[in-house]
Structures are given as C-alpha cells and as structure tokens.
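Descriptive analysis of the structure
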Amino acid sequence: MNMKIEVKNLSKKVEGVYLVKNINLNFESGKIYGLVGQNGCGKTVLFKLLLGLMRKTEGEIFVDGKEQKGFMREVGFIIERPNLIPEYSAYKNLKVLSSYTKSVSREKITNALEAVGLSATDKKKVKNYSLGMKQKVAIAMTIMDDPKILILDEPLNAIDDISVKKIREIIMGYKQRDKIVLIASHYKDDIDYLCDEVYEMRKGEIVEI
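A brief structural summary. (Residues numbered from 1 in each chain as written. Predicted model: local features only at pLDDT ≥ 70, side-chain atom pairs only at ≥ 80, totals over all residues. Heavy atoms only, no water.)

A short note on the packing of aromatic side chains
We apply this condition: Aromatic contacts are taken between Phe, Tyr and Trp rings whose centres are within 6.5 Å, Trp giving its six-membered ring; a plane angle under 30 degrees counts as stacked, one over 60 as edge-to-face, and the others as tilted. Throughout this description, buried means an accessible area under 20% of the type-specific maximum (1.4 Å probe, protein chains only), exposed means over 50%, and partly exposed covers the range between. Helical segments are the DSSP runs of H or I of at least four residues, strand segments are the runs of E of at least two, and each set is numbered from the N terminus.
Scanning the model with the defined rule gives four aromatic pairs in all. Residues Phe27 and Tyr33 carry aromatic rings whose centres are separated by 4.9 Å and whose planes lie at 70° to one another, so their mutual orientation is edge-to-face. On the basis of relative accessibility, which here comes to 3%, the residue Phe27 falls in the buried class. For the ring pair Phe27 and Tyr199, a centre distance of 6.5 Å and an interplane angle of 80° mean the geometry is edge-to-face. Taken as a pair, Phe27 in strand E2 (residues 17-28) and Tyr199 in strand E9 (residues 197-202) lie far apart in primary sequence, 172 residues in all.

And the structure:
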C-alpha cells in the first residue's frame, strides 16, 4: 500500500530562536531517506516534530493527505538513547512495551530480538548490557510490530560490524515491502548503503539535496 508524508513550511522556534525553519519535504513508500548534518543542526528536532513528540510553531504535516495532529500512528522510532527498564531482561522490556498496544505476540517479540542478534530466553538485565546491545534492544522494540514507518536517529551507533550488516538488511527489508524509512546518521557508509535520497541540514534548514 502506497503511503506519503508531506511536510510543508515546518518550523520550531524556542525563545525567538529557530531550531528548524521552513522545512518542505515529501516522503513516499518504498524509499529510504537520509538526514545528515552536524550535531545541533536540527535532525532530531525534525524527527520529534514528525512524530508529534514536540509541538510545531509553524507549518503542517500530512500523512496520506490528512493533517497529522498528535502522535504519529503506525510508526516505529529510535530517538536519542533507548529508554529501557534497567532491571528487566530484553524480552521483558519488549513485553512491557507491547502491553500498551496489545497487538504484539510473544512470537513477534522473539522474532524481533532474534533478528537483531539477541536471545528471547536470556535473563540478563539490560543494565548489564553494553551500549551496542542496548541499541539492539531499541531496534527490536522499533520493529516488533512491523510498523509502516520507521524513524531512526543514529540506529547503528555502537553496534558491532556483524550486527550492523543484519540491521542494514532489516532496514532494507522495510523499503522492499513499500514502507517509509527516515534515518539520521553520522556514518557515511550507512547513508551511502541504505538511502535513496539524502538531505543535508545546517542550522535548522535543509541546505542541500
């Protein structure tokens, strides 16, 4: 099913300073879009605005022609550091999150963990995980409900080379199944390998396509 996100004249201003300014972008099914730029250029703010985690100052966001108000539906996302319950195992973290939607079975949770190279039966608490392993849990959380949209902010940060290959394949699989993927990364190899279109941000604005 084809899907489209339209961003029109989107801006966010805080205390008179624009964090993002006059963003106009279109995202369509079956493509992976990359955002690049230095820290503080506005990539994460833009993602938060798209998700509805931050209120916009100006502009509009449309999903399939309908104005997006509140939290975006049918989306899996990673924004900044993964928010995990440190005393729980990876499986239990996903189980707690899935209880809110009640649409994710044990099988889906197990499959998501195994896809990123983790075990559903491992009882180890995530507080004892490395940063890369915590990132894998976050990715498993993102994909376990097979969302129509993925919004990924530095998804491959601290992940080992073998797992990077697996996760790239997962992301490419979303493109092949006509989903929308947005990814921000400092790693040029990830952007070059994954993305169909790349946008550079600088001081809150799109400066190059």
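Anyway, onward from the coordinates.
Points about the packing of helix H2 (residues 90-101) against helix H4 (residues 131-143)
How we decide: The axes are straight lines fitted to the C-alpha atoms, using for helices just the contacting stretch, and the angles between their N-to-C directions are given from 0 to 180°. By the definition used in this description, the sense in which the near helix is turned from the far one sets the handedness, with an anticlockwise turn below a right angle giving left-handed and a clockwise turn giving right-handed. Should any heavy atoms of two residues lie within 4.5 Å, those residues are counted as being in contact. Under the scheme applied, nonpolar residues are Ala, Val, Leu, Ile, Met, Phe, Trp, Tyr, Cys and Pro; charged residues are Asp, Glu, Lys and Arg; polar residues are all the others, including Gly.
Running from N to C, H2 and H4 cross one another at 35°; their axes reach a closest spacing of 10 Å. Relative to H4, the crossing made by H2 is right-handed. Residue-level inspection shows Ala90, Asn93, Leu94 and Leu97 of H2 in contact with H4, the latter providing Val137, Ala140 and Met141. Partitioned by chemical class, the residues of the contact of H2 with H4 number six nonpolar, one polar and no charged.

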